[in-house]
Number of protein chains: 2
Amino acid sequence: MSALFDKHREILDRAVTEIRARGYWSAYPEVPSGRVYGETAKDDGEKGFQALLNRPFELDQPVDGAPVGKEASPYGFDLGITYPTASPTRLIEAAKTAGHAWARVPVEERVGVCLETLARLNGESFLMANAVMNTTGQSFMMAFQAGGPHAQDRGLEAVAYAYDAMAAIPGVAVRWEKPQGKNPPIVVDKTFRIMPRGVGLVIGCATFPTWNSYSALFANLATGNATIVKPHPMAILPLAITVKILRQVLSEAGHDPNVVVLAADEPDHPVTMDYLTSEGIDLIDFTGSAAFGAVVRSHARGRPVFTEEAGVNPVVVTGTDSFRGLTGNVAMSLSLYSGQMCTAPQSIFVPAEGIETDDGRKSPDDVAAGIAKALDKILGDHDRAMAILGAVQNPATLTRVAEAAKHGRLVRASTPVEGETVARTATPAVIAVDAADEVWREECFGPIAFVVTVKDAHEAIRLAASTVAEKGAITASLYATDEALIDEAADAFGRAGAPLSVNLTGQLLVNQSAAFSDYHVTGLNPSGTATLADAAFVANRFSVATVRRPVAA
Amino acid sequence: MSALFDKHREILDRAVTEIRARGYWSAYPEVPSGRVYGETAKDDGEKGFQALLNRPFELDQPVDGAPVGKEASPYGFDLGITYPTASPTRLIEAAKTAGHAWARVPVEERVGVCLETLARLNGESFLMANAVMNTTGQSFMMAFQAGGPHAQDRGLEAVAYAYDAMAAIPGVAVRWEKPQGKNPPIVVDKTFRIMPRGVGLVIGCATFPTWNSYSALFANLATGNATIVKPHPMAILPLAITVKILRQVLSEAGHDPNVVVLAADEPDHPVTMDYLTSEGIDLIDFTGSAAFGAVVRSHARGRPVFTEEAGVNPVVVTGTDSFRGLTGNVAMSLSLYSGQMCTAPQSIFVPAEGIETDDGRKSPDDVAAGIAKALDKILGDHDRAMAILGAVQNPATLTRVAEAAKHGRLVRASTPVEGETVARTATPAVIAVDAADEVWREECFGPIAFVVTVKDAHEAIRLAASTVAEKGAITASLYATDEALIDEAADAFGRAGAPLSVNLTGQLLVNQSAAFSDYHVTGLNPSGTATLADAAFVANRFSVATVRRPVAA
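These numbers were taken from a predicted model, which means no experiment stands behind them.

Looking at the overall build of chain A
Thinking step 1. What chain A contains, in helices and strands, is 19 helices and 17 strands.
Thinking step 2. In terms of overall dimensions, chain A has C-alpha extents of about 85 × 65 × 45 Å along its principal axes.
Thinking step 3. Looking at chain A as a whole, 63% of its 553 residues are labelled buried.
Thinking step 4. By element, 53% of the accessible surface of chain A is carried by carbon and sulfur atoms, the whole surface being about 19300 Å².

Pasting the structure below:
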């Protein structure tokens, strides 16, 4: 047996139970508290991050190229970190060689290595928070939670699915005995060995480098696939730290650390296509834009491809018993990380005739104005605004916000956070448009909301759901007091593959997707091909090699 | 609950147990016996088949085109059956509409419909045997077993996987309750609905129209996908009978029968590309040639594609304690259905120095001669030869056999079965070649075996396994008395994704793949992307639609 497996057995068993129960559970505490993580943890994380800046990142893996690295914090400074590089041929070869041995490591030991790594990553959550914050632009709190414990939960969830799927294959020889009437039976001994696909490529994104990659990375490793981690060139550090810890755990446990290697690059010299087109890559995970997602999918060539891309997430407003709750909740959803979450809403549909609320009838303009007012309120204070909005990861997002404002009636202009002098910031723009306009149909990544006037509630549901089917969506939200409308929307969005949240007027935001409970992305519309996580996310990462030997009668 | 589900609950529960146990089990008796199937069953099946000939096949489904049908029995007569047709647009629309309702039918009821259909198909196994025999050219016994009960077992196996996968999703609302320290928890009720992908396309083959399609067909139906069944134009009848029975069960149970529709065509006017390129198809299953498999895969566009294609199945001979058993078993494997099984061996590797056997040292020539002799023996009698070989499905196979014989030293010529006057027959050709020759590396579909001289046993394993990785293989076979060589081969073929059978000298043939025990095709080499059946075969045919509703504190 495996010592690491035994050490973490309890948490694994619980995780396997929870992926079927799908209630609330989290393995890693989300509160960045000294009582949980140690009184010096926050300072240690900050110091650890500072110590990494302006120098080569120490990562002992195959090298045959010049160091790269052009990361810049959206909080106003260059990281100055460089990473070792090697040619794709070299890295793939190293991963392949390590993978051959890794494939033969017993399932329990592989799972043990994954769980030990997740535990160590949890211990480095404050370091990770600084790394994620200063690459993605997330606020510290979000960077800690989404970059640390929530990402670790997603990793554990994937390990649980992988273990559960592999445990369904008999681990010891099976005797197959076929009766032959009056004659002796045919007796055959069969052994079934889990065989991974080979070398996986995990392509990370710039906004949630760990949360969006850990499911794939740990699913790959648990099922025996070596993995090349290709971070977004502007968010390398969080995955470099991850790869470093993984390689340490692998080495300590006596395995070839090249089971996981980092493929870093710079924006001007991207290397992803070299890997995508290589025959040496056997399965692919991708998180990022729909445009590059299409490129990735077009290079599948029969290989499994798991993507999380993007979409146009709708909010359908047909009535509420808490107008203040509605506007406040939507405003928070639009503001959180400046609309840079793949789960953030974009298009808010309101019937032309207006809606009934606890505060009287509200026209589309009233709804837009209410959301704008709520935005002003929650973003009025500099520190609070920064804690909610964080910074804008990519300068191109600011251009997009400015462009979008020209395509309708500007209800609320996007502005930098007042008094902020270093971070790149933008509050949400609210733009009123008509259903016939085209602008709201396309994804406008960033802090941009369109309030779309539609004929009536049924048309709002129909239009929103058909747009989901056509353009994709990762979330959908509905406000309604009529149960029949809720059923109608549940059907329409279910068919279109967007998880639906109904009447969010309190703390829960449509943006939030919890491991062990929420299925993130359905794969049923263009927003992605895979779910984080479900059985389909792991089942195709391995197959079974059988050996049959007849037993003499 | 569902009456059909209750009726078949016991067999389902057993099947779900067996897919994890993977010992011997079969739900449907494989013996074509009157005591099992009824004393008149054989005659009834024959008469039922005769009554279908030379007239339109009665199938009440959408029609807007002219009937088609050009099937010809390899046993020497035209079937003269025509099938109704409709444009792809019409059939897809009908399936889509039916599918929307089918997606809402409870899982248990869908599974019940599948199980009832399999039970009725079992009752029609003699009719099916005649239909399969006279389209594929299989012998009556094989047509009965592979076309009937074994195919039904594969269907049941897929239903069991589908049910097991769907049962892992909570069927009732789940309360998610997240603690908030001293504040009240956030409480959300979540419902999870199984959502199928939509409309599936199942493309059948000419050799095993039911066995190779039932896994996909029943996996689709159980998971809620409407399905367009596109048979090979020369093997429509078996799937037309299947579709007819399915539609009857659906109608009787109150469902729209267009959940399953037949898309028949003729060789000169193929319609498959119209479906493959349609936006209305959401997932694709294909069995057939590697050449068309590549076309299918190239049209994936992010849709799940499950293929079983073809390969070059190796036999590695390094030694045996039963030379007579070896040659007899290999000869039977080559002869069964005239080498037209996707599991049939093609390339037989023998070390140049010869092998140790119970009958003394045998050179490659001795091995080839031994196999030839065994072939002559088992095929010497007309009736026995016909029972083993059956007929050749496609005339092009005869040309291929003649061509292959020119590419090496002919040890045994392929001939028609002596005395056979109506069926298209061909006994296996045995051709001696060198490892350096190219001819044995490509699939030569049909009764063709190459005995390949290689340097030594290690080189035989290496060469065979590398060819599997490059060209694909669905089976591999090894003869060895040295356990170290067996381990070496298990590793090499495992990595290349070919299930390995060791020292088959008795009744079990490498060709045979049993439902509930053998994983047919691994998806790890070019012979196909999917396994019949495993969790991966069903998991991606559906996703989960979530509805989240906060519960007031």
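Now that the structure is up, let's keep going.
Observations concerning the pattern of salt bridges
Thinking step 1. Applying the stated rule across the entire model yields 58 salt bridges over all chains.
Thinking step 2. Measuring nitrogen to oxygen at the nearest pair gives 2.9 Å for the salt bridge that ties Arg120 of chain A to Glu116 of chain A. Of this pair, Arg120 of chain A and Glu116 of chain A both sit in helix α5 (residues 107-123), separated by 4 residues, roughly a single helical turn.
Thinking step 3. Glu116 of chain A sits in the buried class, given a relative accessible area of 6%.
Thinking step 4. Taking the shortest distance from any N to any O, the salt bridge between Glu266 of chain B and Lys70 of chain B comes out at 3.9 Å. Taken together, the positions of Glu266 of chain B in the loop between β7 (260-262) and α12 (272-276) and Lys70 of chain B in the loop between α4 (41-52) and β1 (72-73) put the pair 196 residues apart, joining distant regions of the chain.
Thinking step 5. Here the salt bridges do not stand alone but share partners, grouping Lys7, Glu116, Arg120 and Glu252 of chain A into one network.

Comments concerning the packing of aromatic side chains
Thinking step 1. A full pass over the atoms with the stated rule returns 29 aromatic pairs over all chains.
Thinking step 2. A centroid spacing of 5.4 Å and a plane angle of 65° characterise the contact between Phe306 of chain A and Phe537 of chain A, whose relative ring orientation is edge-to-face. One end of the pair, Phe306 of chain A, is in strand β9 (residues 305-308); the other, Phe537 of chain A, is in helix α19 (residues 535-539), with 231 residues separating them in the sequence. Like Phe537 of chain A, Phe306 of chain A is buried.
Thinking step 3. Ring plane angle 80° and centroid distance 5.5 Å describe the contact between Tyr214 of chain B and Phe218 of chain B, whose orientation is recorded as edge-to-face. With a gap of 4 residues between them, Tyr214 of chain B and Phe218 of chain B both fall in helix α10 (residues 214-222), about one helical turn apart.
Thinking step 4. Residue Tyr214 of chain B is classed as buried on the basis of its relative accessible area, which comes to 1%.

Side note on the confidence of the model for chain A
Thinking step 1. Here chain A averages 96 in pLDDT, and 100% of its residues register 70 or above.
Thinking step 2. Across the predicted assembly, pTM comes out at 0.97 and ipTM at 0.96.

Quick notes on the packing of helix α7 (residues 140-147) of chain A against helix α8 (residues 149-167) of chain A
Angle between the axes and distance between the axes are the two parameters that describe a pair of packed helices.
Residues and elements named next belong to chain A.
Thinking step 1. Between α7 and α8, the shortest axis-to-axis distance is 3 Å and the interhelical angle comes to 15°. One element, α7, and the other, α8, form an angle in the roughly parallel class. Between α7, through Phe144, Gln145, Ala146 and Gly147, and α8, the contact on the second element is made entirely by Pro149, His150 and Ala151.
Thinking step 2. In terms of residue class, the contact of α7 with α8 is built from 4 nonpolar, 3 polar and no charged.

Things to note about the sheet that holds strand β7 (residues 260-262) of chain A
Residues and elements named next belong to chain A.
Thinking step 1. Taken together, 5 strands build an open sheet; the order of strands is β7-β6-β5-β8-β9 and the sheet is parallel. Pairing within the sheet leaves two strands with one partner each, and these edge strands are β7 and β9. Across the sheet, the mean angle separating the axes of adjacent strands is 15° when strand polarity is ignored.
Thinking step 2. Relative to strand β8 (residues 283-287), strand β5 (residues 199-203) runs parallel, the two being bridged by 4 bridges. Paired with Leu201 across the two strands is Ile284, which belongs to β8.
Thinking step 3. Relative to the sheet, helix α4 (residues 88-104) contacts β5, β6 (226-230) and β7, its axis offset from that of β6 by approximately 145°.
Thinking step 4. Those strands touched by helix α12 (residues 290-298) are β5, β8 and β9, and its axis lies near 175° from that of β8.

Focus: the sheet that holds strand β3 (residues 174-180) of chain B
Strand pairing in a sheet is mediated by backbone hydrogen bonds. Such pairs are either parallel or antiparallel.
Thinking step 1. A sheet is described by the order of its strands in space; here 10 strands give the open sequence β12(A)-β13(A)-β14(A)-β11(A)-β10(A)-β15(A)-β16(A)-β17(B)-β4(B)-β3(B), paired in mixed fashion. In the strand order of this sheet, the two ends are held by β12 (409-412) of chain A together with β3 of chain B, each with one partner. Across the sheet, the axes of successive neighbouring strands diverge by a mean angle of 25°, strand direction being ignored.
Thinking step 2. Sheet topology places strand β15 (residues 476-479) of chain A next to strand β16 (residues 500-502) of chain A; 3 bridges connect them, and they run parallel.

A look at helix α13 (residues 323-335) of chain A
All names here are of chain A.
Thinking step 1. Here α13 spans 18 Å end to end across 13 residues, near enough to the 18 Å set by a 1.5 Å rise per residue.
Thinking step 2. Burial within α13 is extensive, with 11 of its 13 residues counted as buried.
Thinking step 3. Burial in α13 covers these residues: Phe323, Gly325, Leu326, Thr327, Asn329, Val330, Ala331, Met332, Ser333, Leu334 and Ser335.
Thinking step 4. Elements in contact with the buried residues of α13: β10 (314-317), β11 (347-351), α14 (364-378), α15 (382-389), β14 (448-454) and β15.
Thinking step 5. Tyr337 occupies a position one or two residues after α13 and carries a positive phi of about 50°.

Concerning the environment of Val538 of chain B
Thinking step 1. Turning to its location among the elements, Val538 of chain B is positioned in helix α20 (residues 535-539).
Thinking step 2. Separated by 482 residues in the primary sequence, Val538 of chain B and Pro56 of chain B place their C-alpha atoms 35 Å from one another.

Comments concerning the nonpolar core
Thinking step 1. Within the largest apolar cluster, 255 residues are counted, with the highest numbers of intra-cluster contacts made by Ile348 of chain A together with Leu237 and Ile348 of chain B.
Thinking step 2. Those residues in contact with Ile348 of chain B, other than ones at most four positions away along the chain, are Val315, Val317, Val330, Leu334, Ile371, Ala449, Phe450, Val451 and Val452 of chain B.

A look at the pairing of strand β14 (residues 448-454) of chain B
Residue and element names in this part refer to chain B.
Thinking step 1. Counting buried residues in β14 gives 6 out of 7 residues, a clear majority hidden from the surface.
Thinking step 2. Pairing geometry for strand β11 (residues 347-351) and β14, over 5 bridges, is parallel. From the neighbouring strand, Pro351 faces β14, where its bridge partner is Val454.

A word on helix α18 (residues 483-496) of chain A
Residues and elements named next belong to chain A.
Thinking step 1. Between its first and last C-alpha, α18 extends 20 Å over 14 residues, near the 20 Å set by a 1.5 Å rise per residue.
Thinking step 2. All of the buried residues in α18 are Leu485, Ile486, Ala489, Ala490, Phe493, Gly494 and Ala496. The buried residues of α18 all sit within an arc of 160° when viewed along its axis, so they share a single face.
Thinking step 3. N-capping of α18 is provided by Asp482, with a side-chain oxygen placed 2.8 Å from the backbone N of Ala484.
Thinking step 4. Phi for Gly497, located one or two positions after α18, is positive at around 80°.

Some words on the relation of the copies chain B and chain A
Thinking step 1. Structural alignment of chain B on chain A gives an RMSD of 0.0 Å, achieved by rotating through 180° and translating 0.0 Å along the axis. Both copies of the chain, as the preceding transformation shows, are related through a two-fold rotation axis. Residues of chain B ranked by C-alpha distance from the rotation axis are headed by Ala536 of chain B, positioned 3.1 Å from it.
Thinking step 2. The residues that chain B uses at the interface reappear at the interface of chain A in 100% of cases, marking a shared surface.

Quick notes on the side chain of Thr475 of chain B
Residue and element names in this part refer to chain B.
Thinking step 1. Within the secondary structure layout, Thr475 lies in the loop between α18 (457-471) and β15 (476-479).
Thinking step 2. On the basis of relative accessibility, which here comes to 6%, the residue Thr475 falls in the buried class.
Thinking step 3. A polar contact of 3.0 Å, which involves the side chain of Thr475, links it to the backbone oxygen of Thr343.
Thinking step 4. Those residues within four positions of Thr475 in sequence are excluded, and the remaining contacts are Asn313, Pro314, Thr343, Ala498, Pro499 and Val510.

Criteria and thresholds
Residues numbered from 1 in each chain as written. Chains lettered and ligands numbered in written order. Predicted model: local features only at pLDDT ≥ 70, side-chain atom pairs only at ≥ 80, totals over all residues. Heavy atoms only, no water. Helix = DSSP H or I, 4+ residues; strand = E, 2+ residues; numbered from the N terminus. Buried < 20%, exposed > 50% of the residue type's maximum accessible area, 1.4 Å probe, protein only. Areas by Shrake-Rupley, 256 points an atom, 1.4 Å probe, with all protein chains shown as cover. Salt bridge = Lys/Arg side-chain N within 4 Å of Asp/Glu carboxyl O. Phe/Tyr/Trp six-rings, centres within 6.5 Å; stacked < 30°, edge-to-face > 60°. pLDDT = per-residue confidence, 0-100. Axes fitted to C-alpha atoms, helices over the stretch in contact; angles between N-to-C directions. Parallel < 35°, antiparallel > 145°, perpendicular 65-115°, else oblique. Contact = heavy atoms within 4.5 Å. Nonpolar A, V, L, I, M, F, W, Y, C, P; charged D, E, K, R; others polar. Pairing = 2+ DSSP bridges. Expected span 1.5 Å × (residues − 1). Core = buried A, V, L, I, M, F, W, Y, C linked by side-chain atoms within 4.5 Å. Arc of directions from axis to C-beta. Polar contact = N/O pair within 3.5 Å; in protein donor to acceptor, adjacent residues only side chain to side chain. Least-squares fit on C-alpha atoms with pLDDT ≥ 70 in both.

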